[in-house]
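# Descriptive structure summary
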Amino acid sequence: MQRTLLQRPGRSGVRSSSSRGNGVARVAGLPRDVSVRPSRTLSGATAPRSRATGLVVRAESVMTASTRDYSPKTTPDNTAAALWRSMGPQCCVCFDVDCTITMQDSLDLLANFMGVEEEVSALTSKAMDGSLSLEQALEERLKIINCNPSDIKRFIQTYPPASRMAPGIVDLIRALQARGVAIYLISGGFRELTLPIAAYLGIPKDHVFANRMNWQWDDETGEPTRLVGFDMSEPTAHNQGKPQAIANIRQRNPYNTVVMIGDGITDLEAVQTTGGADLFIGYGGVVERPAVAAAAQWYCYDYAELIKALARYRVAMIGSGAWASAVVRIIAQNCTSKDDPADEFVDEVRMWVYEEDYEGKKLTEVINTTHENPRYFPGYSLGANVTAVPSIEEAAKDADLLVFCAPHQFMHGICKQLAGKVKPGAAAISLTKGMRVRPEGPQLISQMVRRMLGIDCAVLMGPNIATDIAKEQLSEAVIGYEIIDTARIFRKLFRRPYFKISLLPDPVGAEMCGTLKNIVALGAGMVDGLDLGPNSKATVMRRGLIEMRSFSKALYPTVRDETFLECCGMGDLIATCYGGRNRLVAQAWTKAAVEGKAQSFESLEAELLKGQKLQGVLTSNEVQEILKVRKWEQDYPLFTTINRIINGQLSPTYITDYEAGASLVLPGFESDEDAIAPKRPPKKAVAAVPA
Ligand SMILES: NC(=O)c1ccc[n+]([C@@H]2O[C@H](COP(=O)([O-])OP(=O)(O)OC[C@H]3O[C@@H](n4cnc5c(N)ncnc54)[C@H](O)[C@@H]3O)[C@@H](O)[C@H]2O)c1
Ligand SMILES: O=P(O)(O)OC[C@H](O)CO
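Bear in mind that the values here come from a model prediction, so they are computed numbers and not experimental data. (Residues numbered from 1 in each chain as written. Chains lettered and ligands numbered in written order. Predicted model: local features only at pLDDT ≥ 70, side-chain atom pairs only at ≥ 80, totals over all residues.)

For the rest of this paragraph, the subject is the pairing of strand β8 (residues 279-283). With five of five residues buried, β8 is to be regarded as a mostly interior element. Covered by surrounding structure in β8 are Leu-279, Ile-281 and Tyr-283 together with Phe-280 and Gly-282, the residues of both alternating faces. Pairing of strand β7 (residues 257-262) with β8, which is carried by four bridges, proceeds in the parallel orientation. Of the residues in β8, the one forming a bridge with Val-259 is Leu-279. (Buried ≥ 20, exposed ≤ 12 C-beta atoms within 10 Å, placed from the backbone. Helix = DSSP H or I, 4+ residues; strand = E, 2+ residues; numbered from the N terminus. Pairing = 2+ DSSP bridges.)

Printed below as a string of structure tokens:
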């Protein structure tokens, strides 16, 4: 459908600095106290000039606190505030394009550029206050403007979007987009003028609703030459166009919440129509229209107010060991305003610290005074915005994002303490590597958190030796997720230029990798303890990876093969088998054993790790329980041999002959001494694990 401009009126010629009245509430970019405040009457007032551009700003009704006969709702009611606070994925905000730019209407500015702003602005006002139909106003205004494509090009060059953004709009849109909110522009004007603004604001073309100019095309050159009308099929070409545009948006996208931000009556209609917006926020930063300001559910003059009212995530770290401290340092950096420009996170990060004495003082006090954790992570500042808290309930209270990073043997106790005490709707992530074995079957830590706390729980797994990350060495990790929105927000919390985070829709596979590699690392430590070289270690690692995959898939058939080639699989296996604590302690344990000076893992853990905890020995015993119950021991000869070695049933030398180690009939080994220098009993058949 097309509307033709029947007549081409002559241009009015001279640009004028006067207006036919109406008055202006506020010129964006000017401080409020220097807003131009002509008389409230709609006639006879002098239109002000914008200081920034020197252009005439179209006059509207003029409101000052003393002349208003209504009170704009500058503080939203609870419902509106809660709705806005919770904006996130599955929500969208539709801006009237006039509220994104300092000059109220691009068409008016174009008219000014063409020297016909007086006539055009009068028609715009009539359209905005509802006294002229939108179609008529558009048609009339286009007739008067009478531009051609090169006029539009020159206009955009003269007034690039960057030069006329409403104050704070870029920050607001960035803050919303950072929270996953979709942004739309709805304009009663034209795409030709709106698209450059959308591009500047990072809004995709298909999120722009505006009218289209129709052009006469030159048969010779194929170029558009002159404006002949506009496309009437766009919803915005008609009255009630904005609610219609919102209905279209809703039809195409299952948004839970749609918010309209505008300054005109036609914007207000968006919330007054069934199927329209859920909330209308009036914006008076450029123009204040009494009817709009009086009816808006929330009226604001400054986009900073809207940014401030968006929810910010409060983060709590549950754990305070080496990895917990390295990670809280990253989180603390990402929560400060320098690295959190969209202000998504509360600056303060609370860290639950299992309280103990450190050099005669409470560890929490030492951390809060020095901002370091000298017990588990000496030499690195955690960040002044980290608060160490000895009460776990206090640390987790009000947290929106809970990061669990405690040795796995403590996680059940931790969850018990927190059950029923975390904020409903909070999300969690587990960095703990390990599993729990119960009579009814194994339970991953993320499953425990989900079940006991009733919140979503992703996992972060990878080759992440705490001290290397503290030194900001290139590292990577995956976030295994069930709900992608949870993963996305946690990615923002963890990623640093040197710490690359990818998302993996296989949380169980990732967590199984992180858990089982600790067993293989013990085998790698044994290889080192026997002074064997990389060939032997590679053999143990390769076999380890096969058993990790096979065991994970046997327990959880949905686990993906590819996960074992990710950084949480092969990557973590390599890092741990070369640089981890499990490897280190197993190496020392093996050396002591072969030298006939056997030491327990507990004593070596205390001596070498100084309070840090080994996960591999416990995990090996937990996994072995499952292998025994399910009669899978012979299917996992490396896991079984490692477990027999650490329990003193076999000499560490069996690590190089793990098939034999698994097939041995154990009753021949009655003491640790026998185990260290075993007589080799006959082999039993070993069931092969498919490679
Ligand atoms: N350290 C690393 O390089 C690293 C890297 C990646 C993953 N991880 C995993 O992160 C998890 C946590 O390891 P970490 O390195 O942060 O800890 P850690 O081994 O360095 O420190 C042990 C922690 O346990 C706490 N603790 C001691 N007794 C406790 C009790 N009874 N209840 C609760 N807590 C107690 C201590 O206060 C200390 O914070 C483990 O599952 C580990 O496998 C560690
Ligand atoms: O030091 P480890 O052996 O506990 O391993 C640390 C990390 O899990 C390596 O990614």
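Additional details are given in the paragraphs that follow.
Moving on, we get to the site of ligand 1. Lining the immediate surroundings of ligand 1 are 23 residues, of which Gly-321, Trp-323, Tyr-354, Ala-466 and Gln-612 lie closest. When residues of the shell around ligand 1 are assigned to their parent elements, the largest contribution, three residues, is made by helix α12 (residues 322-335). Counted by class, the shell around ligand 1 contains twelve nonpolar, nine polar and two charged residues. Counting only domains with at least three residues in the shell around ligand 1, you end up with domain 2 (313-505) and domain 3 (513-676). (Near = placed C-beta within 6 Å. Nonpolar A, V, L, I, M, F, W, Y, C, P; charged D, E, K, R; others polar. Domains from an automatic or database assignment.)

Attention shifts here to the sheet that holds strand β2 (residues 91-96). Within the open sheet, the six strands sit side by side as β4-β3-β2-β7-β8-β9. Their pairing is parallel. On the outer flanks of this sheet lie β4 (208-211) and β9 (298-300), each paired with one strand and no other. The sheet shows a mean angle of 20 degrees between the axes of neighbouring strands, taken without regard to direction. The strands touched by helix α1 (residues 78-85) within the sheet are β7, β8 and β9, with β8 carrying the most contacts at an inclination of about 90 degrees. Lying on the sheet, helix α7 (residues 191-201) is in contact with β3 (182-190) and β4; it crosses β3 at an angle near 150 degrees. (Axes fitted to C-alpha atoms, helices over the stretch in contact; angles between N-to-C directions. Contact = placed C-beta atoms within 7 Å.)

Lining the immediate environment of ligand 2, one finds 13 residues, of which Asn-464, Thr-576, Gly-580, Arg-581 and Asn-582 sit closest. Looking at the shell around ligand 2, the elements with two or more residues in it are α19 (507-529), α21 (567-579) and α22 (581-594). Residues of the shell around ligand 2, tallied by class, amount to four nonpolar, six polar and three charged. Residue contributions to the shell around ligand 2 reach at least three from each of two domains, namely domain 2 (313-505) and domain 3 (513-676).

This part takes up the nonpolar core. Buried together is how nonpolar side chains tend to be arranged in soluble globular proteins. Within the largest apolar cluster, 116 residues are counted, with the highest numbers of intra-cluster contacts made by Met-317, Ile-318, Val-327, Leu-402, Val-403 and Phe-404. The leading source of residues in this core is α19, at twelve residues. Composition of this core by domain shows at least three residues from each of domain 2 (313-505) and domain 3 (513-676). Beyond its immediate chain neighbours, meaning those up to four positions away, Met-317 contacts Ala-324, Val-327, Val-328, Ile-331, Val-349, Met-351, Trp-352, Val-403 and Cys-405. Of all hydrophobic cores here, the second largest spans 82 residues; its members include Ile-183, Leu-185, Ala-277 and Val-292. (Core = buried A, V, L, I, M, F, W, Y, C linked by C-beta atoms within 7 Å.)

What follows deals with the pairing of β2. The buried fraction of β2 is high, at six of six residues. Here β2 shows no split at all, with Cys-91, Val-93 and Phe-95 on one side and Cys-92, Cys-94 and Asp-96 on the other all buried. Judged from the five bridges that link them, β2 and β7 form a sheet pairing that is parallel. Its bridge partner lying in β7, Cys-91 is registered against Thr-257. Relative to β3, β2 runs parallel, the two being bridged by five bridges. When the sheet's bridge partners are listed, Cys-92 is paired in β3 with Ala-182.

Before going further, it helps to spend a moment on the UniProt feature "domain: Glycerol-3-phosphate dehydrogenase NAD-dependent C-terminal" (unreviewed entry) in the protein chain. Sites flagged by UniProt as "domain: Glycerol-3-phosphate dehydrogenase NAD-dependent C-terminal" (unreviewed entry) map to residues 506-655. Helix and strand shares over residues 506-655 are 70% and 0% respectively, and the end C-alpha atoms of the span are 31 Å apart. (UniProt positions renumbered as here; feature names shortened; annotations may be inferred.)

So, about the packing of α19 against helix α25 (residues 637-646). Relative to each other, α19 and α25 sit at 65 degrees, their axes nearing to 10 Å. Judged by the inter-axis angle, α19 sits roughly perpendicular to α25. Relative to α25, α19 is oriented so that their crossing is left-handed. For the pair formed by α19 and α25, the contact residues are Ile-519, Leu-522, Gly-523 and Met-526 on the first element and Leu-638, Phe-639, Ile-642, Ile-645 and Ile-646 on the second. (Parallel < 35°, antiparallel > 145°, perpendicular 65-115°, else oblique. Left-handed = near helix turned anticlockwise from the far one by under 90°.)

What follows covers the confidence of the model for the protein chain. Mean pLDDT over the protein chain stands at 86; residues scoring 70 or higher make up 86%. A low-confidence stretch, residues 1-62 (pLDDT under 50), is modelled with 154 contacts involving residues beyond four sequence positions or located in other chains. Every residue in residues 669-691 scores below 50 in pLDDT, and together they form 38 contacts with partners more than four places removed in sequence or on other chains. Among the scores for the predicted complex, ipTM is 0.99 and pTM is 0.77. (pLDDT = per-residue confidence, 0-100.)

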